[in-house]
Amino acid sequence: MFRFSRPLCIAFAFLTATAVPGFFSGVNAAPSDTKADLYVSPDGKDDAAGTRDNPCSISAAQRRIGEKTAVQRVVLLGGNYYFYRTLEFSGDNAHAVKWEADAAGAPVVFSGGRPLRLRWEASPDRPGVFQATVPANVSPFDQLFVNDRLQVLARFPNYDPKARYLNGTSADATSRKRVAQWKNPKGGFVHALHRGHWGDMHYEITGKSADGDLQLQGGWGNNRPEYGPHKDIRFVEGVFEELDAPGEWFFDAAAKTLYFFPPKDVDLATASVVVPQLETIVRLEGTKERRVRGISLIGIVFKHSLRTFIKKREPLQRSDWCVYRGGAVFFKNTEDCAIINATFDTLGGNAVFVNNRNSRVSIYGSYFHDIGANGVAFVGDPAAARSPLFHYSKTQRFEEMDKALGPKGDNFPADCHVEECLFTRIGRIEKQSAAIDIDLSQRIRVTHCTVANVPRAGINIGSGTWGGHRIEHSDVFDTVRETGDHGSFNSWGRDRFWYPDGNKTTNRLVAKDPTLPFWDAIEPTSLHHNRWRCDHGWDIDLDDGSSNYIITNNLCLGGGIKLREGYRRTVENNVTINNGFHPHAWFVNSDDIVRKNIFFLSYMPRGGMQIPKWGKELDYNFLHVPKAREVTPAKELQKHSKQDKHSIAADALFRAPKKGDFRVTDDSPALKIGFNNFSMNDFGVTLPHLRALAPRVKFPTVKGVVSPAVSVTNEDFHGAKVRSITNLTDRSAAGLMEDKGVLVVANATQSTLLSNYGVQDNDVILAWGTTAITDLASLRAAAKKTPAPASIDIWRTQHPQKLRAKTPPRP
């Protein structure tokens, strides 16, 4: 039976997963009255008839659906529905019912908040601040909406919308000097980027110690917590003494007193005030035996949910991520359910969470903006994975591994899709997030979506389990704005075959059984006909272990394409503007294919690419050389790959690059090596109402000189080839936290000095004796001062190590 929690207002509609795009053509049409319709309104009565003139309540509609199978549609009349309990749909109702907003009426808003009527008075000791008593039955809240605008929880440093990180940060945020100004900071929060910029970390303040330091709990929302928070990129919020700027507020839960510093344009005498009270506004949850089937929610605006960052602590296998299984709309054990033409507006946590067993869930034509965490997350049950591990450094003996193919059972999302959706300003609070996150799932399709302005990846696939995903016709840009070492598309696949020891174990095991990498990634994942731009990383970033990918017809406008350790990746018929192809740390016999692409730059190999042969085939690629009149062999590509026999270099002759049209002309030499033009004007959302709201990607100026994206020079250090770590490419390949240290590129074993410590190629020297090493100049100076220290510190396979001299230094 459906259970009701008092609603706000919006419309739902039914969609089957087998529907074709034409099914949605009538979504915005005003419903026509039929005897199978029930009408509800925000102030509808339980005993009302349920007609347009006499609408009933949502709870009454749910009850009648359980009693009267003839009901096919519930029409939601316009207005605000404030839910004091989550609106729940359970598997007790097996009927497919449309919950559809009345398109002819006012917007329907489902709110997880509560409107407050407050008596404001000036604070006696804080100029500009007003205070009001909140009713006793209002639970603590962590967001405040005044006149439908989100206000700022009191913080230091003050909110700065132009700041690169976290809307303003300061190394002084947690200093003893500042903490001394706070009488009782308990209940506040410290937010920081991860030390390696790989995400963020959140801590709740539990008090102050006797010596004046903050007492904290948390940090568990990032699955690489051992490296800790960044020492400079941090801020504090929810501390009363930091209430000092217009738009800031603070709630004293014990005294039930709300303090607010209103902006000049807010008149508190007439202002509306709403505070969130729910994490989940709508829950569709059945059981394995009785799933929720055929429920569609159409045209609803979802607003005012609580933040959940401090509850995010479940690790997602060996990824860097943790997850909180919750969202404004939550699916579990459902089939053929849908969200259509909805708006998700300024929510505190995940907007939509598709949890564990769900089949053919559809998200169509919806607008997601200012979301606290993920836009849409598909996350399955770790118990469905075979021999799962839950931290980057964890390994298992091959003999003890479950060697069966694919998942155990079906407790994961499968055959779901997100289509024609717009995502902007996602990850407002949680930076380890994405517009669309896919983990422990199978055959998720993302098509014609636009993603812009996100702190990390726009679309993220967090494991190889179990593949079959299709990312198509989408437009993803303005990404990786706050974190680092990611791309507009980011993935990893630290599945059963993957070992974090510099490829040694994996190379050995796969040589014995070449099927091992595909025990989890059992179906290929396709990235086809998308436009990507990332100015702070890679456009497409396939990280550790990502395997079984087909990457075709993608236009990359910024960071190029990176493939790290993995197997059977095909990169074909893509265009990378002002960039190229980045192979990092490939396995031996990886079976990768890179062909018929247009690159602007030569290959940029990093981290262990000194293998006998790169992949299966690198050939028939085109190196764009502006204004080159002659077609010549692509020697810059051949130099690195030792392949590319048929690859050529010349001017690609793009049609209209200033307008973003990177198709080549009919007489382009690129066509001779097998490159095929693909359309350049149909990426992203095509629905008119969303296209009008969508930001536009900026097309880069095509550079006239071909040069490496990152210029590096190797130098000699006692017989070894080395260079300073000065760029993201080297830092990423080594898995470092920051651009510091000296990378040993080659000939470590031939260096008498370095071999005495057991230094290997691809190690990074971090300390020489007791002297920290920042670059090659500091290493030379330290070695001159102390030619043979007792030990040195290095970084190897993403872990620090101390190496002691095999032959002790002479006294």
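Refer to the structure presented above.
Owing to the predicted nature of the structure, the values given are computational and were not obtained by experimental measurement.

A. Broad picture of empty space enclosed by the protein. Considering all chains together, one arrives at six cavities of 30 Å³ or more under this definition. By volume, the largest cavity is sized at about 140 Å³. Around the largest cavity, the lining comprises 16 residues; the ones closest to its centre are Trp198, Asp320, Asp485, Arg494 and Asp543. Here the lining of the largest cavity is composed, by residue class, of two nonpolar, five polar and nine charged. Of the pockets and cavities examined, the second largest cavity occupies roughly 80 Å³. In terms of lining residues, the second largest cavity is bounded by 13 residues, among which Gln317, Ser387, Pro388, Asp495 and Arg496 are the most central.

B. How the structure looks around the environment of lysine 394. Within the secondary structure, lysine 394 is located in the loop between β33 (376–379) and β34 (413–414). Taking C-alpha positions, lysine 394 is 26 Å from proline 413, a pair spaced 19 residues apart along the chain. Sequence-distant contacts of lysine 394, that is, excluding residues within four places in its chain, are made with Arg318 and Leu389.

C. Region of the structure containing the sheet that holds strand β7 (residues 113–116). With antiparallel pairing, four strands are arranged side by side in an open sheet as β7-β20-β10-β11. Whereas interior strands pair on both sides, the edge strands pair on one side only; in this sheet they are β7 and β11 (149–150). In this structure, strand β10 (residues 145–146) lies alongside β11, joined through two bridges in antiparallel fashion. Considered in β11, the bridge of phenylalanine 145 is made with leucine 150.

D. Geometry of the pattern of salt bridges. In this structure the tally under the stated criterion is 59 salt bridges. For aspartate 370, the salt bridge identified is with arginine 425, shortest N-O distance 2.8 Å. With aspartate 370 in strand β32 (residues 367–371) and arginine 425 in strand β36 (residues 422–426), the pair connects residues that are 55 residues apart, well separated along the chain. A residue is classified by how much of its surface remains accessible, and aspartate 370, at 17% relative accessible area, is buried. Notably, a salt bridge pairs aspartate 544 with arginine 564, separated by 2.6 Å at the nearest N-O pair. Of this pair, aspartate 544 sits in the loop between β46 (538–542) and β47 (549–552) while arginine 564 sits in the loop between β49 (561–563) and β50 (569–572); the two residues are 20 residues apart in sequence, bridging distant segments of the chain. Under the relative-accessibility criterion, aspartate 544 is labelled buried at 1%.

E. Molecular detail of the environment of methionine 609. Of note, methionine 609 is situated in the loop between β54 (598–599) and β55 (617–619). Considered as a pair, methionine 609 and histidine 584 are 25 residues apart in the sequence and their alpha carbons are 6.7 Å apart.

F. Quick look at the pairing of strand β66 (residues 791–796). Counting buried positions along β66 gives five out of six residues, so the element sits mostly inside the fold. Bridging between strand β64 (residues 764–768) and β66 involves four bridges; their strand directions are antiparallel. Pairing of tryptophan 768 across the sheet is with isoleucine 792, part of β66. Sheet analysis places β66 next to strand β67 (residues 799–804), joined by six bridges and oriented antiparallel. Bridge assignment links aspartate 793 to a residue of β67, and that residue is lysine 802. Between β66 and β67, which pair antiparallel one after the other, the connecting turn spans two residues, and threonine 797 there sits at a positive phi close to 45°.

G. Layout of the pairing of strand β37 (residues 436–439). Burial along β37 is two-sided: the face carrying Ile436 and Ile438 and the face carrying Asp437 and Asp439 are both buried. Of the pairings in the sheet, the one linking β33 to β37 comprises four bridges and is parallel in character. When the bridges of β37 are listed, phenylalanine 378 appears paired with isoleucine 438. Judged from the three bridges that link them, β37 and strand β40 (residues 459–461) form a sheet pairing that is parallel. Bridge pairing in β40 places isoleucine 436 opposite isoleucine 459.

H. Structural view of helix α3 (residues 504–512). Looking at α3, one finds that the buried residues are Thr505, Thr506, Leu509 and Val510. Taken end-on, α3 shows its buried residues confined to a sector of 115°, consistent with a single buried face. What points out from α3, more than 90 degrees from its buried face, is the exposed set Lys504, Ala511 and Lys512.

Rules and cut-offs
Residues numbered from 1 in each chain as written. Predicted model: local features only at pLDDT ≥ 70, side-chain atom pairs only at ≥ 80, totals over all residues. Heavy atoms only, no water. 1 Å grid on protein atoms, 1.4 Å probe; cavity = no way out; pocket = protein on both sides within 12 Å on 5 of 7 lines; lining within 4 Å. Points joined across faces, edges and corners; volume = space filled by probe spheres on them. Nonpolar A, V, L, I, M, F, W, Y, C, P; charged D, E, K, R; others polar. Helix = DSSP H or I, 4+ residues; strand = E, 2+ residues; numbered from the N terminus. Contact = heavy atoms within 4.5 Å. Pairing = 2+ DSSP bridges. Salt bridge = Lys/Arg side-chain N within 4 Å of Asp/Glu carboxyl O. Buried < 20%, exposed > 50% of the residue type's maximum accessible area, 1.4 Å probe, protein only. Arc of directions from axis to C-beta.

The values reported here are purely geometric and, on their own, carry no functional implication.
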